[in-house]
Structures are given as structure tokens and as C-alpha cells.
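Spelled out, the chains give:
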Protein chains: 2
Amino acid sequence: MTRPAGRGGRSAAPRSVDVARLAGVSQKTVSRVFNDEPYVSAEVRRRVLEAAGELGYRRNNAARALASGRTRSIGVVTLGTALYGPASLLMGIERAVRDMGYTLRVVNTVEGEPAGIAGAVDSLLDQGVDGIVISEPIDEGGDEGEVSARVDVPVLVLSAPPPFTAPRVLTAGGCADVMARAATEHLLDLEHLTVHHLAGPQPWYAARDRLDGWRAALAGRGRPEPPVVAGDWSAASGYAAGRELASDPDVTAVFAANDDMAIGLIRALTEAGLRVPEDVSVVGFDDTPVAAYVTPPLTTVRQPFDAVAQDGLKRLVHAIENPQADPLVASDPSVDLVVRASTAPPPPRTTRGHGRRTASPSA
Amino acid sequence: MTRPAGRGGRSAAPRSVDVARLAGVSQKTVSRVFNDEPYVSAEVRRRVLEAAGELGYRRNNAARALASGRTRSIGVVTLGTALYGPASLLMGIERAVRDMGYTLRVVNTVEGEPAGIAGAVDSLLDQGVDGIVISEPIDEGGDEGEVSARVDVPVLVLSAPPPFTAPRVLTAGGCADVMARAATEHLLDLEHLTVHHLAGPQPWYAARDRLDGWRAALAGRGRPEPPVVAGDWSAASGYAAGRELASDPDVTAVFAANDDMAIGLIRALTEAGLRVPEDVSVVGFDDTPVAAYVTPPLTTVRQPFDAVAQDGLKRLVHAIENPQADPLVASDPSVDLVVRASTAPPPPRTTRGHGRRTASPSA
DNA sequence: ATGAAAGCGCTAACAG
DNA sequence: CTGTTAGCGCTTTCAT
């Protein structure tokens, strides 16, 4: 019909000139209509829209990007994990990006892969994104500097201090420390003498934040700081930690850096013959969907993923669209401690240490 | 320097002509080098690469897409949920897309939103993707037909029968039924007279598949089919179902359509004074990271997300790059039943019904 | 093995 | 309010 499947393009998709011809206007007017530009009479607009509908016209994004120098897309760098935290954040980001009228490109970094964040950012830059979101990065040690020079778009770093310096870096959601502090204080308020911490993997800024918050809470009350137990976010690591902790009669309260580890921890404690929360209290972090339904229902901290993503993206888009203006200020999200049945006052002091050295599986 | 920050474009990014000039070759040769085209002498290639490196040259994707008619990007439509299944699948898709040399664009559909899949596909088409992946769609009833006409790129539908008809539709991973069947048969092999099913929300094809598999297993052994209990994937719904099921002494085995529901179910059963697996066996689906660490460790089915994504994407890309060729055939993934401690033979028949009507909370 | 010329389909100035 | 004229930076086609 119109055109015999032009060069590279797949089929002969209608172009704006085709619409213009059919509507009896100039090509530029079609462009005006589709960009909601002013100065188009209602009548002409109607005719254009009708013609476009008839032809099944849809703007060519590549041409738009080439001509305007903007792609209206935002890239996000995520860890390639289905962990509840990162996954929830990604969903929040997608929604926020869409709400702001942008499209989303996604690149995962694979833990332990050489390229890391630098490579992912580079790939996004190749794709021509207008802005970049780095979600829950981890500190891989030093390859971040390499990117910095080339990054000429605004960058938003979520749930962490900036992992690298680029001309225009924003941050959002670095509030895990205050949430962790609240969790720890909840345990202290219950009269526990101290609180142990089952930490996440330290390359993760999110894990460090929680560790810091726990430290701050303990320091704030002048409590001794027991040695940190290291986990890797998995329930398996929580279980391993639990076996260790179960044999120490001084352990009456544990703050785990995420719910999965808390669940593994509880399992190990239970198998060792300890009761949660009567013998040991446990607090998790995330409020995963199952947290309320494990045994016992888990006291945990709910993270405001959507709010963080929304606030961050609003500021990122502002930075994109107003390169010269001062960045908007971050609004701080609310801390949300969800108290369930896994926390209680410590056992009476006289009975502490009671049969705590033998592991008698119960299941 | 080169050029004072041309019209729309942000800064004066170097173009291929700049590289060509510096390397003392034609622009076309630069293009050849970057596209790994043949007929470029090693010496020239080296000079071009060096010049490009010096200038910090990076190809402009919009121009490439405009000139070639291909964007080298694949769009994925996902539900906006952090549920383990969909999130895992998304990670697998990202990886597979990247491995195939494409980039990924993501659009979520929000359950209950009017636009639904049709809107998401449309948005992806606007963005000019070369292919589309629809991940774990749900049947929203009828708005799919609207898209079909306009979809001129290959579409891969994961974990479901095609939700709409488009010229070139592929499917992958619709194997939940055989996995569900295996799960049910495991319970039957343990001598349970029948198996109850805690189903997922029926708009989800994934939920329907599991229901079908359960039915097939029961039918295959000539067992009675008890009424289906409806859930919504959440642990909360599993808990609600558990309260119901706990009062029925005929319930000795339950196959839950996902792990979260299984966990909620177990909690309700436990609170009702029933033991798992001594009184009631439970099988989940997904093998979430916590499945092995809840009490009791959950027998469940592990889904081969990565394999499904990889196989599907290989075929999608084949369809993109060989429009005329016959589609590749799907390779079927392996079923992986993980037997843990939540399943056992039913209680002795003489004692069945024992104290099953009163709910005496424990834990 | 390399180069020249001609667009891809749009947006951005500038005229009317 | 509307139209004209130039490119955006590549890939493609065809010459050498």
C-alpha cells in the first residue's frame, strides 16, 4: 500500500507524514498533536487523531530520541536476586518510573561477576538512558571509580551511601539504620540486658546500615556490644547462626538483619530445645509476606519500599529535567516496627543458663 | 572543542565521524569496526579502536535503531509483585535477555488496573521493542483480544497458555501441571486416601495449571476429589484455609499451590492442635528460600525458572532474527520434587478423627 | 578492503 | 495557529 516495507524497518509502519497527508495537514502539525503542544485548533487535532487511528499510527521512538537527544527512559541497576527486599524495591521503582512518564530499562549485576556496577552503568549509558537508579548496591571494592568520569546523567542511589562519585548523584532510602535502631531498642525496652545481632553480608550497604543502627541503639543505652554473628541473608545462614547462638546462655534477644535469617535462626533455636520468645526473643527485618505466619509470628520492621522509590524518582526526574536547578530535598520515610509474637521479656534471671548447653531436637 | 553541544543532545558527545577523522578513515569504516563486520584490516581496526577510546566514543543507540529498524531490546510484561515465583522468573529473564545480546525493558501490569496486559504490550510496542515476553499472566477476561491486531513482533508467553492470539506467539514453562501432579502423587504414594488442594487465585494460569495437575493425579489413581479450597497466594489465605481444613478429620494431606500458603496453612493447623506431618501432610510449591527452614521443613516443588527463561528466550530471539523460519521446539524442563519433613504417611485409620474438632492453640 | 551518498522518522528552530 | 527547512548519528546501498 503506502510503502513496500522500507529498508531496515520491519513492515511498512505508518509515519507521521502518512498521517499528515490523510488529515490534510503538515507533518509538523501531527507532531504537535502527539506532543500535546499548544497552538493546534481543536478541529485539526481531531482530524489528526482520527487519521492516526485509522492508520494505526504510533510514533517512532528511535527517531524521537535521535532528534531530541532524550530517550525518556530510566535505567535501573539491580542485583540479580529474588530476595524480598530488592525485588520489592524494583517493583516500586517500575511503578514510580511509569508514573513519572518514563520507561524502564533493567540491568542486573551478578554478584561476583567482574563487570559489576560499573559494567551495568556502562551498559545503561550505551542504551542512552536519561537517568540511572542504582538499587541496593553492594561494595565490591574499587571498580566504581572507573565509571564516574563517563556518567553524565543524574544517578539515584537507593538504600545506600553513594558507591561512586558522579557529577550528579542523589540518594534515597538510607534509613535502615534508624529502623534497625528502633528494632534493637524494642528489645532493650523489653528489659533484655543486651541484644545480639545476626548481620547480613557486609559488602551490602543495607547490611552495614542495620549493623550501625544496632550499634547505635546499644551505645545509646550504654549496653555491652556482643560479637556480631555473620549471615548472608539466607535462612540457611540464619540456621547456622542459630546453632551457634543456642549454646550461649547469655543470648536472650537477637536482631536479625532480615526475616529469612530470623526464620532460620528460630528453627535452629527451636531444634535446640529453646522456646521463642520465652527463652530467646527474635526480631527480623523486611516484614516479608510470610513473617506473620511463621511460628511464632515474627516481630519485624517494615520497609517503605514504595515511598522510597517514589520520593527518589521524583527527585531524579527533577534532576533530569532541570539540569541547572538545585536538587530537591529528600523526604524521610516513616519507621514501621511490627510487633508480633517473637519478642517478649527475657526469662527470669535465676533460671537463665538452664539446660542451654544440650541440643535436644524437638521439631 | 569538537562541537558546542549540538541542538537537543546534552553535551557534545563524540560521534562516529569524529572517531573517523581522528583515525584517518571514513565514517563507514568506524561503523564496520563497531559492528564486527568483515573486511576491515587489523591495522585499521586497531587505529579506530584507539581513536574511539581516546574520544570516549560510544554508539548512539537511537540513531542505530532509527537507521536499522531494530532496537535490540526485548520488553517484558510482569505483574507488579515481589512474590517469589514472578520475581525469580524476572531475574531469569533479565539474565537470558542479556546473554542473548539484547537489552531489557520492563512494564508491570497492576492487578485490577484497567489497561492490563493489553496496555502494557501497547506501551512496549510504543517503545519499539523487537520482541515481547509476557511473564506469568493472569486472565483478566477479554481485553487481550484488542491487542492482537497490532502486535507485529514475536511474543513469548511464560508459564501459561497464550492469553491472546498474535501472529507469532511462543510459549514456555507451562509445565506446572506435571509438577503439581508429581507433588500430589507423592502424597498418594504415602498412602493418603486422597489429597486436598489449596489453590491459587484462579485468574492466574499458574494456579489453574496446578489445579489441573492435582486433578489429573487424583483421577489417575481413581481417588475422590475433595472440594478445592481457594487461596490468593498469601500466607494469610493459607492460614484462613488451614482453620477451615483443621476441623475436617478427613483431611490428612494438602497440596498447597505455593509455599507461602503452605506456611500459613501449617500455622493454622498447628494452632488447631494438629501436628504436621503426623496428623496432616503438607506439600508446597516453589521451594522458596525459607521453605527448608520453617517448621517443619517443607516438602515442595522446585521450579526451573532459569531454565524456562533461557529456553524461552533462545526461541524468542530465534523468531526475531529469523522471521520466516519455523519456530524452534521447546525443550521440557525437569520436575524437581524436594522431599523434606512436612510429609509422612497418614495417621493410623483407627485414631483418625481423634480430637479434630476442637482448636487448642499451642505455639 | 574501503568510501560516498542517501535516507531512517522525528523534533527544533524559524517563518509566515 | 500552521508550514518549511534542517539536521540528529547512524546503517544501508552501491561504487570503487
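Within every chain, residues take consecutive numbers counted from 1 along the sequence as written. Lettering for chains starts from A, numbering for ligands starts from 1, and both go in the order in which the items are written. In view of the model being predicted, local features appear only for residues whose pLDDT reaches at least 70, and side-chain atom pairs are presented and counted only at 80 or more, with totals across whole chains, interfaces and linings using the full set of residues. Each side-chain value is derived from all of the structure's non-hydrogen atoms; neither hydrogens nor water enter the calculation.

As named in an unreviewed UniProt entry, chain A is Lactose operon repressor, taken from Streptomyces jeddahensis.

Draft legend 1. Broad picture of the interface of chain A and chain B. The partner chain B presents 65 residues to the 65 residues of chain A that form the contact. Here the buried area means the combined drop in accessible surface, using a 1.4 Å probe, for two parts upon being joined, counting both sides. Here chain A and chain B share an interface that buries about 5000 Å² over both sides, 53% of which is from carbon and sulfur atoms. Here a salt bridge means any side-chain nitrogen of Lys or Arg lying within 4 Å of a carboxyl oxygen belonging to Asp or Glu. Put simply, chain A and chain B have 4 salt bridges between them. The salt bridge involving Arg58 of chain A is made with Asp126 of chain B; its shortest N-O contact spans 2.9 Å. Two N or O atoms count as a polar contact when they lie within 3.5 Å, although within protein this holds only if one can serve as hydrogen donor and the other as acceptor, and sequence-adjacent residues are included solely when both atoms are side-chain atoms. In this assembly, chain A and chain B are joined by 16 residue pairs in polar contact (both at pLDDT 80 or more). Counting from the N terminus, the helices are DSSP H or I runs at least four residues long and the strands are E runs at least two residues long. Elements with a minimum of two residues in the side of chain A that touches chain B: α4 (61-68), β1 (73-79), α5 (84-99), β2 (103-109), α6 (116-127), α10 (235-246) and α11 (259-271) of chain A. The element best represented in the side of chain A that touches chain B is α5 of chain A, accounting for 8 residues. Note on residue categories: nonpolar means Ala, Val, Leu, Ile, Met, Phe, Trp, Tyr, Cys or Pro, charged means Asp, Glu, Lys or Arg, and polar means any other residue, Gly included. Considering only residue class, the side of chain A that touches chain B consists of 30 nonpolar, 19 polar and 16 charged. Across 3 bridges, the pairing between β2 of chain A and strand β2 (residues 103-109) of chain B is antiparallel. Note on β2 of chain B: the bridge partner recorded for Val106 of chain A is Leu104 of chain B. The contact criterion used is simple: two residues touch if any of their non-hydrogen atoms lie within 4.5 Å. Strands qualify as paired when DSSP identifies two bridges or more between them.

Draft legend 2. Structural detail: the protein's contact with DNA strand D. DNA strand D sits among 26 residues. The nearest are Thr29 and Arg32 of chain A together with Ser16, Lys28 and Ser31 of chain B. If even one non-hydrogen atom of a residue comes within 4 Å of a molecule or strand, that residue is called near it. A share of 62% of the atoms of DNA strand D within 4 Å of the protein falls on sugar and phosphate groups. One of the side-chain N or O atoms of Asn35 of chain B is found 3.3 Å from a phosphate oxygen in DNA strand D. Sort the elements by how many residues they give to the surface near DNA strand D and helix α4 (residues 61-68) of chain B lands first, with 4 residues. Within the surface near DNA strand D, the residues separate by chemical class into 9 nonpolar, 9 polar and 8 charged.

Draft legend 3. Layout of the sheet that holds strand β7 (residues 229-230) of chain B. All names here are of chain B. The parallel open sheet is built from 4 strands, whose spatial order is β7-β6-β8-β9. Only two strands of the sheet have a single partner each, and these edge strands are β7 and β9 (281-283). The pairing of strand β6 (residues 196-199) with strand β8 (residues 253-256) spans 3 bridges and is parallel. Of the residues in β8, the one forming a bridge with His197 is Phe255. In this analysis an axis means a line fitted to C-alpha atoms, helices contributing only their contacting stretch, and an angle means the value between N-to-C directions, from 0 to 180 degrees. The sheet strands contacting helix α8 (residues 176-189) are β8 and β9, and the helix crosses β8 at an angle near 165°. Its contacts with the sheet place helix α9 (residues 205-220) against β6 and β8, and it is angled at close to 175° to β6.

Draft legend 4. Geometry of the sheet that holds strand β4 (residues 155-158) of chain B. Ordered by their spatial adjacency, 10 strands build an open sheet running β5(A)-β4(A)-β3(A)-β1(A)-β2(A)-β2(B)-β1(B)-β3(B)-β4(B)-β5(B), and the pairing between neighbours is mixed. Strand pairing shows two members of the sheet lacking a second neighbour, β5 (169-172) of chain A together with β5 (169-172) of chain B, which therefore form its edges. Going from strand to strand, the sheet's axes swing by 25° on average, the running direction of each strand aside. Two elements, strand β3 (residues 131-135) of chain B and β4 of chain B, share 4 bridges in a ladder whose sense is parallel. Directly across from Ser135 of chain B, in β4 of chain B, lies its bridge partner Leu158 of chain B. Packed on one face of the sheet, helix α12 (residues 305-321) of chain A meets β1, β3 (131-135), β4 (155-158) and β5 of chain A and runs near 165° to β5 of chain A. Its contacts with the sheet place helix α6 (residues 116-127) of chain B against β2 of chain A together with β1 (73-79), β2 and β3 of chain B, and it is angled at close to 150° to β2 of chain B.

Draft legend 5. Main features of the protein's contact with DNA strand C. Lining the immediate surroundings of DNA strand C are 27 residues, of which Ser16, Ser31 and Tyr57 of chain A together with Thr29 and Tyr39 of chain B lie closest. Counting only atoms of DNA strand C within 4 Å of the protein, the fraction found in sugar and phosphate groups is 67%. Between DNA strand C and Arg64 of chain A, the relevant distance is 2.8 Å, taken from a phosphate oxygen to a side-chain nitrogen or oxygen of the residue. The backbone of Ser41 of chain B places a nitrogen or oxygen atom 2.7 Å from a phosphate oxygen of DNA strand C. Sorting the residues of the surface near DNA strand C by element identifies α2 (27-34) and α4 of chain A together with α2 (27-34) and α4 of chain B as the ones contributing at least two each. Here the surface near DNA strand C gets 4 residues from one element, more than from any other, and that element is α4 of chain A. Within the surface near DNA strand C, the residues separate by chemical class into 9 nonpolar, 9 polar and 9 charged.

Draft legend 6. The arrangement of the packing of aromatic side chains in detail. All names here are of chain A. Paired rings are identified among Phe, Tyr and Trp, the last through its six-membered ring, by centres lying within 6.5 Å, and are further divided according to the angle between planes into stacked (under 30 degrees), edge-to-face (over 60) and tilted (the rest). Counted under the stated rule, the structure contains 10 aromatic pairs over all chains. The interplanar angle of 75° and the centroid separation of 6.2 Å between the aromatic rings of Tyr84 and Phe305 together place this pair among those described as edge-to-face. One end of the pair, Tyr84, is in helix α5; the other, Phe305, is in helix α12, with 221 residues separating them in the sequence. For the exposure calls, accessible area comes from a 1.4 Å probe over protein chains only, and a residue counts as buried if that area is under 20% of its type's maximum, exposed if over 50%, partly exposed in between. Relative accessible area serves as the criterion here: at 9%, Phe305 is assigned to the buried category. Ring centres of Phe255 and Phe285 lie 6.2 Å apart, and the angle between their planes is 55°; this geometry places the pair in the tilted category. Of this pair, Phe255 sits in strand β8 (residues 253-256) while Phe285 is found in the loop between β9 (281-283) and β10 (300-302), placing the two residues 30 residues apart along the sequence. Take Phe255 and Phe285: they sit in the same class, and that class is buried. Lysine NZ or arginine CZ positioned within 6 Å of the ring centre and within 35 degrees of the ring normal marks a charge as sitting over the ring. Here Arg208 stacks its cationic end above the ring of Tyr205, 4.9 Å away from the centre of that ring.

Draft legend 7. Structural context of the pattern of salt bridges. Throughout the structure, instances matching the rule amount to 42 salt bridges over all chains. One salt bridge connects Arg46 of chain B with Glu50 of chain B, and the closest N-O pair in it is separated by 3.0 Å. Of the two residues, Arg46 of chain B and Glu50 of chain B are both situated in helix α3 (residues 42-55); the distance of 4 residues between them amounts to about one turn of the helix. Residue Arg46 of chain B is classed as partly exposed on the basis of its relative accessible area of 43%. A salt bridge links Asp336 of chain B to Arg302 of chain B, with the shortest nitrogen-to-oxygen separation between them at 3.5 Å. One end of the pair, Asp336 of chain B, is in strand β11 (residues 336-338); the other, Arg302 of chain B, is in strand β10 (residues 300-302), with 34 residues separating them in the sequence. Salt bridges linked by common partners bring Glu43, Arg46, Arg47 and Glu50 of chain A together as one network.

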